[in-house]
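Examining the three-dimensional arrangement
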Amino acid sequence: MKKIISTIAVSLLAASTAFAAQPAKKTAPAAKPAPAMAAPAHHMSGGSSYARNYGMSGCGLGSIWIDKNHMQIFSSTTNMMYTQIFAVSSGTSNCVETPTTAKADRMDKYIVVNKLALADDIARGEGETIQGLAQIMNCQGAENLGSALQAKFATIFPSHEVTVNDITDHIITVVGQDSSLSAACGVSMVSAL
Amino acid sequence: MGSRLFRGPILSFILGACLFACVSTPVRAEETAAATEAHLVARARELKLWNHPQWINLVHYEKNLFGGYTSQADGLEFFTAKDGPTNPEAELFATIHALFRAPTPLELIRPKAVSDPGMYEALKKLTDEFDKEARAAKYPPAIYGQKLEEKKRALLGIVPDHPLCQFPARLRFFERELGWKGEGLPKIECFRLDEFRRRVDAQSVSIVFSSFFLNNPSSTFGHSFLRINSGLWQKYGKSRNELLDTGVNFAANVTTNNPITYALFGMLGLMPGTFLTVPYYLKVREYNDHEMRDLWSYDIDLTPDEVTMLIDHIWEEQSTFYFYKYFTENCSYHMFTLLDAAAPRLGLTKRLSFYVIPSDTIRVLYRTPGAVKAVTYRPSARAQFFYRLGNLNDAEREALDKLVDTHDVAALDPALPKESAARVLDAFSDQIELVSGDDLARDGSEAQKLKQRVLVKRASLGVKSETIEVPAPDRSAPHLGHGMRRASVGFARENDRGNSVTFGYRFSMHDFLDPGVGYARNMQVDMFGAWARVLTRPNQGFRSQFEFDELNIFKLTALTPLSRYYEARSIRAELGWKKMYDRDCEAGDRRCFPLNLEFGKGWVVDPGTHETLTLYGFLGGRFNHSPHYRGSNIRLGFGPRVGAVLYLNDDLRFGAFGEYYARIWAEDDFVFKTEATLRWGFTKGFALDATARRERDVNEGLAQLHFYY
């Protein structure tokens, strides 16, 4: 159990360092108009937290929670684990800076747990986790969400090492670039840069 | 309970508004409040409301040995009266009084949210620093969680609730029973309670049972928890999506990782247990996917009022804890106390026997009139894979087998129609999950890379998979199973000692030959059993006639047939005292009663693939200790055990095995035993069986009657 705690702590730390290292990899397309964004971009603000180009830094601890050790969520059936993961984050679904940031934060928390199943469902173009995602994103209707995500599978999951935050950003990008979906899901791409 | 943080800035105007209200009209308001309270108290006294079953249930009172009441709740914040834990009447009046208490200024302030400026960084810093401190101090997990939580709460300005916000269910109960609409109560906004209600958006509730999982000792008997079925989907989708429901779990805050101390603490009730609400998708991923357990949901037939009461009562539970008792006040028991608090008409806890086993509670629930309105099944990842496998035609199956063997996704036959290729890849993708387990979560693992290749290929086909509906395997529906306790009587004849009468009792739960449905077939979990016999030896006293055949602590066997699609883990383990015929025993009849510990790893074949005939072979070791051996007190044996289980139908089963142990430290170099049993469940709850057994030099025939309850 101690091991689990320290690994979680370590993964939290690793997460923050990982993000700190990220901006070098991709440069923010600051000059590009928002809706035509080619790839999601990251930049740092405040030195330690994860930042999104469609809003301010992530709202909850969920935003820095990554899936490096995804399965550890399940390595214990104790309440303590759940407290660690959700007690702090579950009440934070109300980040109000921009609707899309709040959405992204909810998606992070959902995807960190459902990543494997979601990848399966997106590859299949349908499934329960896509319906759940639609609900998390407040999509009204959005019948073609499954097919749209399926068509962009390789964009959303470019490698097996993709982080949760990236998955979220990629999904928002895909939805934002589809005119009917962006309306149905209320995703507006706001460039904060 | 998960909701501890709230949005938005501090609404200082609320404080201002209240100050204004309190200052400007204090006398008037206090008078009304005092008058109302006096009226309510008088009315409650008239009705003797403290005897009301719902009051008893809401405070979790239980009749004690002296005819009075003791509350099961162990956290004292749950009580408003000093003698609240033992005095329902005092607690009732103290609660009414507390509801009218003027709020403190802190209680009126909206707690800070993580999204407040700087708060996110502050929380992260706090967590980092605390982690260093915790590592230095080596806090056990439960303390770690609790201390961190306290610190976070302090940072966010979360203070204990005013009683109005802490006891919404009690308030609701008073309102209904006293014909009152909350007049005279202080005006308080319950920020956190409102957020909780909004988040769960309860429409109905279900009890969810996750089936047995042999690899995890804490779940040997299954697990149950509550699901709050949300109505939020109606806003966004066309069909209900369980994933976004809320699970309510009762679990011990485990303070040890050592299975023996775990068992001991659990049985003695030394670990505090608390209720926690988590997103249901977390439970789905944990049970269905990670542990490969099926989930069975029992939708509870509650009125809307009862549902509201239940949600409010779950909220109340956050201010207390209950010592977790593995066999009595466990996860399943506390799900019943929640339901009883909301709907005393069900009287569920009273229907339980002293020892509470999760699958037992499911049978009780199912039989309780007006409790269950529907049963639904949610397949494990394993069940989903086998369903997909069953839907493949020959060509698809061949393609799948090739993929399983070669992992060469690119070589998938391009001649396959897209829909076929999709079915093959979907099954293969599931299969990877089945065999890789935790590897999939490790970055850079082969499993992860393979899965990625499969999914990219699958997505590129561009066709949608058909939604699969795995039919519920009614045979293993937990509510249909036989009672776990079994009492037996029988008659035996041994070729060397003559006749005897046998008696047996098993506390739980199931062996291969027990009749009926409701349990996984190739599984044996027996815990705490005693078997004995009285020999009809002439001219000897009872002491020499009575002997124990077996005192069993546990016997576990999992028979997982070998398959090209997944890794089979078949094991057996046994611990207890067992009477054995052994030439090394000192006694004249060569019987002794050694401590017996066995462990074996097995290979299982299921030729018909329908679990009608299962053939198994185990290789294992055995440790025996008895003061009545000749020479050394210890025997160590190694050897095979082979056998078969045949399911003739649901109620008629046949099993046979032979075992051979080569021994060291023994005078007789080996022991062996063969045994065959035919068991027939001739009517519900009863079974008859006949056993023939040979042990080294002696033969025995045995006929038994079993009663399951």
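Computed from a predicted model, the values in this text were never measured in an experiment. (Residues numbered from 1 in each chain as written. Chains lettered and ligands numbered in written order. Predicted model: local features only at pLDDT ≥ 70, side-chain atom pairs only at ≥ 80, totals over all residues. Heavy atoms only, no water.)

**Some points on the overall build of chain A**
- Looking only at helices and strands, chain A has eight helices and zero strands in total.
- Secondary structure elements of chain A occur, N-terminal to C-terminal, as α-α-α-α-α-α-α-α.
- Per-residue burial over chain A gives 66% buried out of 193 residues.
- As presented, chain A carries roughly 6100 Å² of accessible surface, and 61% of it is formed by carbon and sulfur atoms. (Helix = DSSP H or I, 4+ residues; strand = E, 2+ residues; numbered from the N terminus. Buried < 20%, exposed > 50% of the residue type's maximum accessible area, 1.4 Å probe, protein only. Areas by Shrake-Rupley, 256 points an atom, 1.4 Å probe, with all protein chains shown as cover.)

**Quick word on the environment of Arg641 of chain B**
Residue and element names in this part refer to chain B.
- If you trace the backbone, Arg641 turns up in strand β19 (residues 634–649).
- The class of Arg641 is buried, set by a relative accessible area of 12%.
- For the pair Arg641 and Tyr660, spaced 19 residues apart in sequence, the C-alpha separation works out to 6.5 Å.
- Within the structure, Arg641 has its side chain in polar contact with the side chain of Glu659 (distance 2.7 Å). (Polar contact = N/O pair within 3.5 Å; in protein donor to acceptor, adjacent residues only side chain to side chain.)

**Comments concerning the pattern of salt bridges**
Residues and elements named next belong to chain B.
- Under the defined criterion, the tally for this structure stands at 73 salt bridges over all chains.
- One salt bridge connects Glu89 with Arg45, and the closest N-O pair in it is separated by 3.7 Å. Taken together, the positions of Glu89 in helix α4 (residues 88–99) and Arg45 in helix α2 (residues 26–47) put the pair 44 residues apart, joining distant regions of the chain.
- The shortest N-O distance in the salt bridge between Arg533 and Glu700 comes to 2.7 Å. Pair noted here: Arg533 is in strand β12 (residues 523–535) and Glu700 is in strand β23 (residues 698–708), with a separation of 167 residues, a long-range link. By the burial criterion, Arg533 is buried, and Glu700 matches it. (Salt bridge = Lys/Arg side-chain N within 4 Å of Asp/Glu carboxyl O.)

**Description of a nonpolar patch on the surface**
Residues and elements named next belong to chain B.
- Among the surface-exposed residues, Val489, Phe491, Val501, Phe503, Tyr505, Trp680, Phe682, Phe686, Leu688, Leu705, Phe707 and Tyr709 lie close enough to one another that they form a single nonpolar patch of about 1000 Å² accessible area.
- Elements represented by at least two residues in the nonpolar patch include exactly β10 (486–494), β11 (498–510), β21 (670–683), β22 (686–695) and β23.
- Looking at the nonpolar patch element by element, the count peaks at three residues for β11.
- Given the relative accessible area of 33%, Leu705 is considered partly exposed. (Patch = residues over 30% accessible without salt bridge, like charges linked within 9 Å, V, L, I, M, F, W, Y side chains within 5 Å.)

**Considerations on the sheet that holds strand β14 (residues 570–578) of chain B**
Residue and element names in this part refer to chain B.
- Strand order around the closed barrel formed by 12 strands is β10-β11-β12-β13-β14-β17-β18-β19-β20-β21-β22-β23, with antiparallel pairing between neighbours. Averaged over all pairs of adjacent strands, the angle between their axes in this sheet comes to 20°, without regard to strand direction.
- Pairing of strand β17 (residues 595–605) with strand β18 (residues 613–625) involves 11 bridges; the strand directions are antiparallel. Bridge pairing in β18 links Gly602 to Phe618. (Pairing = 2+ DSSP bridges. Axes fitted to C-alpha atoms, helices over the stretch in contact; angles between N-to-C directions.)

**Some words on helix α14 (residues 331–342) of chain B**
- Taking 1.5 Å per residue, 12 residues should reach 16 Å; α14 of chain B reaches 17 Å between its end C-alpha atoms and fits that length.
- Residues of α14 of chain B that are buried: Cys331, Ser332, Tyr333, His334, Met335, Phe336, Thr337, Leu338, Leu339, Asp340, Ala341 and Ala342 of chain B. (Expected span 1.5 Å × (residues − 1).)

**Structural notes on the state of the cysteines**
- In this structure the tally under the stated criterion is three disulfides over all chains.
- Disulfide partner of Cys139 of chain A: Cys185 of chain A, at an S-S distance of 2.1 Å. Here the disulfide of Cys139 of chain A and Cys185 of chain A is right-handed, its torsion about the S-S bond being about 110°. On the criterion of sequence distance, the pair formed by Cys139 of chain A in the loop between α4 (128–136) and α5 (145–151) and Cys185 of chain A in the segment after α8 (179–184) is long-range, its members being 46 residues apart. Exposure class is identical for Cys139 of chain A and Cys185 of chain A. Each is buried.
- Across the disulfide, Cys165 of chain B is cross-linked to Cys190 of chain B (sulfur-sulfur distance 2.0 Å). Because the torsion about its S-S bond is -80°, the bridge between Cys165 of chain B and Cys190 of chain B counts as left-handed. Of this pair, Cys165 of chain B sits in helix α7 (residues 163–166) while Cys190 of chain B sits in the loop between α8 (168–177) and α9 (191–200), placing them 25 residues apart in sequence. Accessibility assignment for this pair places Cys165 of chain B and Cys190 of chain B in one class, buried. (Disulfide = S-S within 2.5 Å.)

**Brief notes about the sheet that holds strand β8 (residues 322–324) of chain B**
Residue and element names in this part refer to chain B.
- Across the sheet, seven strands lie side by side as β8-β6-β5-β4-β3-β7-β9; this open sheet has antiparallel pairing. Each of the sheet's edge strands pairs with one partner strand only, and the pair in question is β8 and β9 (372–378). For this sheet, the mean inter-axis angle between neighbouring strands, taken without regard to orientation, is 35°.
- Across six bridges, the pairing between strand β7 (residues 295–300) and β9 is antiparallel. Bridging from a neighbouring strand, Ile300 pairs with Val372 of β9.
- Each of β3 (202–210), β4 (223–230), β5 (246–252) and β6 (271–279) touches helix α13 (residues 304–316); the most contacted strand, β3, lies at about 65° to it. (Contact = heavy atoms within 4.5 Å.)

**Remarks on unusual backbone geometry**
- Note the cis peptide between Ser508 of chain B and Met509 of chain B, where omega equals 5°.
- Of note, Asn138 of chain A is a non-glycine position whose phi angle comes to about 60°, a positive value.
- Structurally, Asn138 of chain A can be placed in the loop between α4 and α5.
- What makes Asn138 of chain A partly exposed here is its relative accessible area of 28%.
- Look at Phe528 of chain B: it is not a glycine, yet its phi comes out positive at around 55°.

**A short note on the pairing of β23 of chain B**
Residues and elements named next belong to chain B.
- Residues Val698, Glu700, Leu702, Gln704, His706 and Tyr708 line the buried face of β23, whereas the alternating positions Asn699, Gly701, Ala703, Leu705 and Phe707 sit on a face that is not buried.
- Sheet topology places β10 next to β23; nine bridges connect them, and they run antiparallel. By the bridge assignment for β23, Ala492 is matched with Leu702.
- Across 10 bridges, the pairing between β22 and β23 is antiparallel. When the sheet's bridge partners are listed, Glu695 is paired in β23 with Val698.

**Looking at the pairing of β7 of chain B**
All names here are of chain B.
- The element β7 is largely enclosed, with a buried count of six among its six residues.
- Neither face of β7 is open: one carries Leu295, Ser297 and Asp299, the other Trp296, Tyr298 and Ile300, and all of them are buried.
- Bridge count between β3 and β7: five bridges; the pairing is antiparallel. Counterpart to Ser210 in the pairing with β7 is Leu295.

**Description of the packing of aromatic side chains**
Residues and elements named next belong to chain B.
- Within this structure, the stated rule accounts for 37 aromatic pairs over all chains.
- On the numbers, 4.9 Å between centres and 80° between planes, the contact of Phe354 with Tyr355 is edge-to-face.
- Above the plane of the ring of Phe225 lies Lys283, whose end atom (NZ or CZ) is 5.0 Å from the centre.
- Above the ring of Trp531, the side-chain terminus of Lys555 is found at 5.3 Å from the ring centroid. (Phe/Tyr/Trp six-rings, centres within 6.5 Å; stacked < 30°, edge-to-face > 60°. Lys NZ or Arg CZ within 6 Å of the ring centre and 35° of its normal.)

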